[in-house]
Amino acid sequence: MTSPSFGSRLAALSGASRLCVGVDPHPSTLAEWGLSDNAGGVTAFSRAMLDAMVDSGVSITKPQVALFERHGVDGMRALAQFIGEARSRSLLVIADVKRGDIGTSLAGYASAWLRPGSDFESDAMTAVAYQGVGSLEPAFALAADAGKGVFVLGATSNPEGWLVQSARTIEGDTVAHANVAGVADRATRAPRSEGEWLGVVVGATVNRAQLGLEDGVFTGLGILAPGFGAQGVELSSMRSVFGELSTQVIASVSRSVSGSSAEGLAGRIGTHQSELSDA
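Residues numbered from 1 in each chain as written. Predicted model: local features only at pLDDT ≥ 70, side-chain atom pairs only at ≥ 80, totals over all residues. Heavy atoms only, no water.

Novice: Sorry if this is basic, but what is going on with the overall build of the chain here?
Specialist: If you tally the helices and strands in the chain, you get 12 helices and 8 strands. Overall, the chain is about 55 × 40 × 40 Å in size when its C-alpha atoms are taken along their principal axes. When contacts within the chain are restricted to residue pairs at least 6 apart in sequence, those whose partners lie at least 24 apart make up 72%. Summed over all atoms, the accessible surface of the chain reaches about 11,600 Å², with 51% contributed by carbon and sulfur. If the 20 positive side-chain charges of the chain are averaged to one point and the 28 negative ones to another, these points end up 3 Å apart. (Helix = DSSP H or I, 4+ residues; strand = E, 2+ residues; numbered from the N terminus. Contact = heavy atoms within 4.5 Å. Areas by Shrake-Rupley, 256 points an atom, 1.4 Å probe, with all protein chains shown as cover. Lys, Arg positive; Asp, Glu negative; His and termini not counted. Charge placed at Lys NZ, Arg CZ, Asp CG, Glu CD.)

Novice: Which parts of the structure should I look at to understand the layout of surface pockets?
Specialist: Which parts of space are left empty comes out when a probe the size of a water molecule is rolled across the atoms. Counted as a void, the largest pocket has a volume near 490 Å³. In this structure, the second largest pocket spans a volume of roughly 290 Å³. Looking at the second largest pocket, it is lined by 14 residues, and the ones nearest its centre are Tyr130, Val164, Gln165, Val175 and Asn179. Of all the secondary-structure elements, those providing two or more residues to the lining of the second largest pocket are β5 (149-155), α8 (162-165) and α9 (175-188). In terms of residues, the lining of the second largest pocket owes the most to one element, α9, which gives 3 residues. A class-by-class count of the residues in the lining of the second largest pocket yields 7 nonpolar, 6 polar and 1 charged. (1 Å grid on protein atoms, 1.4 Å probe; cavity = no way out; pocket = protein on both sides within 12 Å on 5 of 7 lines; lining within 4 Å. Points joined across faces, edges and corners; volume = space filled by probe spheres on them. Nonpolar A, V, L, I, M, F, W, Y, C, P; charged D, E, K, R; others polar.)

Novice: Hey, could you run me through the sheet that holds strand β2 (residues 60-63) in this one?
Specialist: Pairing between the strands of a sheet is mediated by backbone hydrogen bonds and can be parallel or antiparallel. Around the barrel, 8 strands lie side by side as β1-β2-β3-β4-β5-β6-β7-β8; this closed barrel has parallel pairing. Mean inter-strand twist for the sheet, computed between neighbouring axes without regard to direction, equals 30 degrees. Alignment of β5 against strand β6 (residues 198-202), held across 5 bridges, turns out to be parallel. Paired with Ala155 across the two strands is Val202, which belongs to β6. Packing of helix α7 (residues 137-146) onto the sheet brings it into contact with β5 and β6, and relative to β5 it is tilted by some 140 degrees. The strands that α9 touches are β5 and β6; relative to β6, the one it contacts most, it runs at about 160 degrees. (Pairing = 2+ DSSP bridges. Axes fitted to C-alpha atoms, helices over the stretch in contact; angles between N-to-C directions.)

Novice: Got a minute to help me understand the nonpolar core in this structure?
Specialist: As a rule of thumb, nonpolar side chains are buried together in soluble globular proteins. One finds Met49, Met53, Trp113, Val150, Phe218, Phe228 and Phe242 to be the most contacted residues of the largest nonpolar core, which totals 74 residues. Looking at this core, the element that brings in the most residues is helix α5 (residues 72-88), giving 7 residues. Non-local contacts of Trp113, meaning those with residues more than four positions away in its chain, are made with Val65, Met76, Leu79, Ile83, Ala95, Val97, Arg99, Phe120, Glu121, Ser122 and Met125. Among the nonpolar cores identified, the runner-up in size contains 13 residues, and Leu13, Cys20, Leu153 and Leu224 belong to it. (Core = buried A, V, L, I, M, F, W, Y, C linked by side-chain atoms within 4.5 Å. Buried < 20%, exposed > 50% of the residue type's maximum accessible area, 1.4 Å probe, protein only.)

Novice: What exactly am I supposed to notice about the environment of Pro4 here?
Specialist: Inspection of the secondary structure puts Pro4 in the segment before α1 (6-11). Taking the C-alpha atoms as reference points, Pro4 and Val201, separated by 197 residues in sequence, lie 23 Å from one another.

Novice: Help me understand the environment of Arg189, please; the structure alone is not making it clear to me.
Specialist: Inspection of the secondary structure assignment puts Arg189 in the loop between α9 and β6. Expressed as a C-alpha distance, the spacing of Arg189 and Gly267, which sit 78 residues apart in the sequence, is 42 Å.

Novice: Please clarify how empty space enclosed by the protein should be interpreted in this entry.
Specialist: By the definition in use, this model includes 2 cavities of 30 Å³ or more. In this model, the largest cavity occupies a volume close to 60 Å³. Looking at the lining of the largest cavity, the elements with two or more residues in it are α3 (39-56) and α5.

Novice: Just checking my understanding: could you explain the pattern of salt bridges for this structure?
Specialist: Taken as a whole and judged by the stated rule, the model has 13 salt bridges. Between Arg89 and Asp51 there is a salt bridge, and its shortest N-O distance comes to 3.1 Å. In this pair, Arg89 sits in the loop between α5 and β3 (92-99) while Asp51 sits in helix α3, placing the two residues 38 residues apart along the sequence. The residue Arg208 makes a salt bridge to Asp215 at a minimum N-O spacing of 3.2 Å. One salt-bridge network, in which partners are shared between bridges, spans Arg87, Glu121, Asp123 and Lys148. (Salt bridge = Lys/Arg side-chain N within 4 Å of Asp/Glu carboxyl O.)

Quick look at the structure:
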């Protein structure tokens with residue numbers, strides 16, 4: 001029997017169940033927790049986060065791969081263990097890898113993060129389309145075949161991103177609009193288009209109107225939205241920020257959950273779930 005795809009599982013989630021808890025073992029966070037800044041500390045941190053998520057009924061988690069990768073082979077081993085345990089405990093895992101390239105290089109990245117049976121097999125990955133949305137085709141094709149997901153960076157909140165994302169294409173659209181529209185078009189042509197299997201990353205702090213990102217361009221797409229919690233946007237503002245798109249949003253929080261210690265993790269998750277449910 002074929003397992004449910006990422007898109008169908010995501011489409012079945014609503015309200016508080018669309019909260020995504022990021023696992024970001026920043027050096028400063030490990031220090032606040034009293035953990036060593038090494039693979040052992042990362043393992044202890046991610047395990048505590050996972051236990052709290054499972055106990056709180058969280059459905060989606062997003063490990064920040066770079067913060068595991070900085071600890072070399074042992075850090076990546078800790079990441080593989082986290083991903084495997086999270087998926088075995090029925091959480092959807094979005095690997096925040098932000099990979100982008102062309103041809104066989106991109107195919108290699110896709111195989112590492114989306115191929116069934118790989119060490120880092122996740123339910124979805126993030127990707128960068130600087131070389132054009134079409135350059136991500138190897139990831140799209142594998143995701144469609146394997147029932148996985150891909151979230152392409154569309155509009156990010158970092159100040160440096162504005163120069164590129166607001167630039168105009170030869171057709172007159174912003175680069176941000178062209179990327180999102182390209183992903184939406186690809187989603188309609190998938191051989192396995194169950195639910196929101198393709199999506200884009202759009203920061204909750206982004207002024208979408210200034211980037212020409214009208215609601216219609218997001219049709220059929222999941223929206224992975226960082227920027228909530230510690231980055232300044234409250235989950236209670238979901239409707240005012242995303243309007244009618246709110247039901248497509250996966251609200252991502254990380255530092256506001258991890259806090260300064262393992263104590264109170266479940267309470268912080270519960271607060272965010274309540275805020276999102278009310279919104």
